[in-house]
Structure formats: C-alpha cells, structure tokens
Amino acid sequence: MADMLVKLYPLPTAPGLEDALREKGVVIKKALAPDLSKIIAFTVENDHSKWADEIRVCFMNQPASCYIAVKNKEIVGFGCYESTARGFFGPTLVKDSERRQGIGKILLLKCLESLRELGYAYAFIGWPAEDAVHFYQEATGGMMIPGGAGVYSRMAGIDE
C-alpha cells in the first residue's frame, strides 16, 4: 500500500501524443461540473464505483481538478488530482477497450502538469495498483516510497 513520488520540475512530455489521439477521435478536456454524473456513471460501468467520493471532491475544487478523455461524445477515461490529499494524483481510469493508446499517459501528464502549476515540486501517486507501477515509473520517472503504508492506509476498513 505504498505511494509513489514524482518530481514535477523535470516532468516528462509526450510530444505529439495528444494530436495522435485527436486524429483517432479522442479529445482530452478539463472536466466541468456537468461532467460529474457522467464520470461517476463511467466508474460504475467499469467496476470502480468506490472512487465516486474522491471524484466528487475534485469537483469541489474550482476549477475541477479532473481531466476527461472523450470519444464519440462518450467518456472513455478520466484522471483526477487533489482529491484524497494535497499534491496527489488519482483516481484515474481508462476504459479497457481504449487502453494501450496513450490515453492514460496523457491524462496522467495533464494532471501532473496542473499540480506543478499549483506550485508543487513533487506529486504523489497514491497506492498504485501493482500492475500499474511500471507504467507510472516509465511515464514519470517516479519511484515507490519505501516504508509501506501510504495515505490510503488511514481509510476505514484498512488494517495497516
């Protein structure tokens, strides 16, 4: 349940990735209040309804601290920041059929760039899934924080 640490001042870029996605019909947008219920419905459809509380927090921030990936007027992914704790990235989700195209990477980098614009020199990726750690390391140069328990260990129902 450890978190990751990412340096934001040398944040990697993905030149041309957003344009390539746009050519495939995928547009990355900063989410607006009317998107909230659609994002929550998207998490329910993709078996991640447990993230609804964190997503709602992102929409209490002004502007909302969330980006969405839209294809054919439907949400196919989202990335949030500043939800569970200050300086934290997540939750994030890309529809299974849309993965491995760079959508998750561009959502991640947009969120981290927004955290840098807020003045952070470092960001955290809270409790990354074991199979996502390599992706985050490759995309950001981030590292796992040694010592185990991260911010999510304070949640009710977590024994750590």
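Small disclaimer: the values here were computed from a predicted structure and weren't measured.

### Observations concerning unusual backbone geometry
Trans peptide bonds make up the majority, and among non-glycine residues the majority have a negative phi. Each neighbour pair has its own omega, and for glutamine 62 with proline 63 the value is 0°, a cis peptide bond. Along the chain, the position of proline 63 falls in the loop between helix H3 (52-58) and strand S3 (66-71). Look at aspartate 47: it is not a glycine, yet its phi comes out positive at around 60°. Structurally, aspartate 47 can be placed in the loop between helix H2 (36-45) and H3. Phi is positive for tryptophan 127, close to 50°, though the residue is something other than glycine.

### Some thoughts on H2
Every buried residue of H2 is listed here: Ile39, Ile40, Phe42 and Thr43. In a view along the axis of H2, the buried residues occupy a sector of 155°, so they form one face of it. Opposite the buried face of H2, at more than 90 degrees from it, the exposed residues are Ser37, Lys38 and Glu45. Residues of H2 that are buried in the fold lie against H3, S3, strand S4 (74-81) and strand S5 (88-94). Within two residues after H2, aspartate 47 carries a phi angle of roughly 60°, on the positive side.

### Details of the side chain of glutamate 98
By the element assignment, glutamate 98 lies in the loop between S5 and helix H4 (103-117). Judged by relative accessible area, which is 10%, glutamate 98 ranks as buried. A polar side-chain atom of glutamate 98 sits 3.2 Å from a polar atom in the side chain of glutamine 101. In contact with glutamate 98, not counting residues within four places along its chain, are Lys71, Val76 and Ile103.

### Describing the packing of aromatic side chains
One pass over the structure, following the stated rule, counts six aromatic pairs. Where phenylalanine 88 meets phenylalanine 124, the ring centres are 5.0 Å apart and the plane angle is 20°; that geometry is what we call stacked. Taken together, the residues span a long stretch of sequence, with phenylalanine 88 in strand S5 and phenylalanine 124 in strand S6 (residues 122-125) at a distance of 36 residues. Judged by relative accessible area, phenylalanine 88 falls into the buried class, the value being 8%. Their ring planes at 75° and their centres at 6.1 Å tell us that phenylalanine 89 and tyrosine 136 sit as a pair that is edge-to-face. Of the two residues, phenylalanine 89 sits in strand S5 while tyrosine 136 sits in helix H5 (residues 133-140), which places them 47 residues apart along the sequence. Residue class for phenylalanine 89 comes out buried when judged on its relative accessible area of 2%. Note on tyrosine 136: relative accessible area 8%, which makes it buried.

What counts, and where the lines are drawn
- Residues numbered from 1 in each chain as written.
- Predicted model: local features only at pLDDT ≥ 70, side-chain atom pairs only at ≥ 80, totals over all residues.
- Heavy atoms only, no water.
- Helix = DSSP H or I, 4+ residues; strand = E, 2+ residues; numbered from the N terminus.
- Buried < 20%, exposed > 50% of the residue type's maximum accessible area, 1.4 Å probe, protein only.
- Arc of directions from axis to C-beta.
- Contact = heavy atoms within 4.5 Å.
- Polar contact = N/O pair within 3.5 Å; in protein donor to acceptor, adjacent residues only side chain to side chain.
- Phe/Tyr/Trp six-rings, centres within 6.5 Å; stacked < 30°, edge-to-face > 60°.

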